[in-house]
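Commentary on secondary and tertiary structure
Letter by letter, the chains look like this.
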Amino acid sequence: MRSTVEMLKLITDTAKRDSNVRAAVLSGSRADPSRPSDVYQDYDVAFLVKDLSPYFNNPCFIERAFGKVLIMQMPDLLDNPGLTLETTEKFTYLSIFEDGVRLDLTITTAMPDWGNEPMKVLFDREGHLEDNLDNECYMVHRPTQAEFSACCNEFWWCLNNVAKGLKREEIPYAKSMFEETLRPQLNKIVSWYIGTISDFSVSTGKMGKYFKKYLPDSIYGKYLKTYTTADPARIWTSLINTCKLFSDLARIVAADLGLDYNTSEEAGARLYMMNVKGGAYEK
């Protein structure tokens, strides 16, 4: 696999050689010096160009510039199969090369909006851009009362759908509802809990990938038990444990941050779940 130094030099040199490229910018985790680095990190790069036409729907450009591609995605065409050069100002290639390197290259005629995302200027023909190595966008932020209440309500409300799916043994539905509706709210509560023990000074990463780094081992072990097999009995056990974990952490977050926690909606949701599990409404 090509090293970070090799790849950044190749990206930079490619931009410099092409007079149509005004600037090349690295963003994401590789632009953030505080993020852990490994060989699996993507290279998130933007080329700011004068004319998009040489690169639009032209995957051969990627292989000529960066090497043999194992698999590629062109998300702009997937999202809009009728996309034309006249109807867009950017085109993106997501590529994994035969040596394992992944490059996400967006080529655009308009200045991208990186917001608060870290970005490092690799090449700037006109000298107008500046690095932004601030990682504020990745930090866990202190929730407002409205955000906290919405998270808790969504978790406890959506619990009914998972319970009904399990009772009917509609396992694909129940598992999907768990991961698509409960998991995001659980991850918020876990992230806010980490915020309370770190003074909101760390990032838990995309989809909680740094939970292991910041959670006490006992809590991380309980979190891992929210993942289970397709066996209905084990899913029920996992679901009940998930409710306990969410409740415990929500109460801690509320107490530490001076927020109100609606215990009545939790009690109602958990009673309904157990009644569904036990068949109380079928009598």
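Report follows, based on the coordinates. None of these values were measured; they are calculated from a predicted model. (Residues numbered from 1 in each chain as written. Predicted model: local features only at pLDDT ≥ 70, side-chain atom pairs only at ≥ 80, totals over all residues. Heavy atoms only, no water.)

Grouped together as the largest cluster of nonpolar side chains are 44 residues, with contacts concentrated most on F148, W156, I189, L239 and F246. When residues of this core are traced back to their parent elements, those giving at least two are α4 (145–167), α5 (171–198), α7 (217–224), α8 (232–257) and α9 (263–278). Core analysis: the second largest hydrophobic core is formed by 30 residues, A15, Y43, Y93 and L103 among them. (Core = buried A, V, L, I, M, F, W, Y, C linked by side-chain atoms within 4.5 Å. Buried < 20%, exposed > 50% of the residue type's maximum accessible area, 1.4 Å probe, protein only. Helix = DSSP H or I, 4+ residues; strand = E, 2+ residues; numbered from the N terminus.)

All right, on to the packing of α4 against α9 then. Interaxial distance between α4 and α9 falls to 9 Å at its minimum, and their mutual angle equals 5 degrees. It follows that α4 is roughly parallel to α9 by the angle criterion. Residues S149, C152, N153, W156, L159, N160, A163, K164 and K167 of α4 form the contact with α9, whose participating residues are E265, E266, A269, R270, Y272, M273, V276, K277 and G278. In terms of residue class, the contact of α4 with α9 is built from eight nonpolar, four polar and six charged. (Axes fitted to C-alpha atoms, helices over the stretch in contact; angles between N-to-C directions. Parallel < 35°, antiparallel > 145°, perpendicular 65-115°, else oblique. Contact = heavy atoms within 4.5 Å. Nonpolar A, V, L, I, M, F, W, Y, C, P; charged D, E, K, R; others polar.)

Now for the environment of P112. Turning to its location among the elements, P112 is positioned in the loop between β5 (102–108) and β6 (119–124). Spatially, the C-alpha atoms of P112 and M74 are 18 Å apart, while their sequence positions differ by 38 residues. When neighbours within four sequence positions are excluded, P112 is seen to be in contact with A46 and L48.

Pairing is possible between side chains of opposite charge, provided their charged atoms come close. Summed over the entire model, instances satisfying the criterion amount to 13 salt bridges. A salt bridge links K120 to D131; its shortest N-O distance comes to 3.7 Å. Highlighted residues: K120 in strand β6 and D131 in the loop between β6 and α4, separated in sequence by eleven residues. For K120, a relative accessible area of 36% corresponds to the partly exposed category. (Salt bridge = Lys/Arg side-chain N within 4 Å of Asp/Glu carboxyl O.)

Right, let's get into the layout of surface pockets. Considered as a void within the structure, the largest pocket measures approximately 740 Å³ in volume. In terms of lining residues, the largest pocket is bounded by 26 residues, among which S27, G28, D44, D104 and E117 are the most central. Elements supplying a minimum of two residues to the lining of the largest pocket: β2 (43–49) and β5. Of all the elements, β5 adds the most residues to the lining of the largest pocket, at four residues. Looking at the lining of the largest pocket residue by residue, the class counts come to nine nonpolar, six polar and eleven charged. Put simply, the second largest pocket is a space of about 330 Å³. In terms of residue count, α5 provides more of the lining of the second largest pocket than any other element does, seven residues in total. The class makeup of the residues in the lining of the second largest pocket is seven nonpolar, seven polar and six charged. (1 Å grid on protein atoms, 1.4 Å probe; cavity = no way out; pocket = protein on both sides within 12 Å on 5 of 7 lines; lining within 4 Å. Points joined across faces, edges and corners; volume = space filled by probe spheres on them.)

Following the criterion strictly, the structure yields zero disulfides and no others. Residue C152 stays outside any disulfide, its sulfur separated by 5.2 Å from that of C151, the closest cysteine. (Disulfide = S-S within 2.5 Å.)

A few words on the pairing of strand β1 (residues 21–27). Taken across its seven residues, β1 has six buried, putting it largely inside the fold. Relative to β2, β1 is paired through six bridges, and the arrangement is antiparallel. Each residue of the ladder has a partner; that of S27, found in β2, is D44. Judged from the five bridges that link them, β1 and β6 form a sheet pairing that is antiparallel. The residue bridging V25 from the neighbouring strand is V121, located in β6. (Pairing = 2+ DSSP bridges.)

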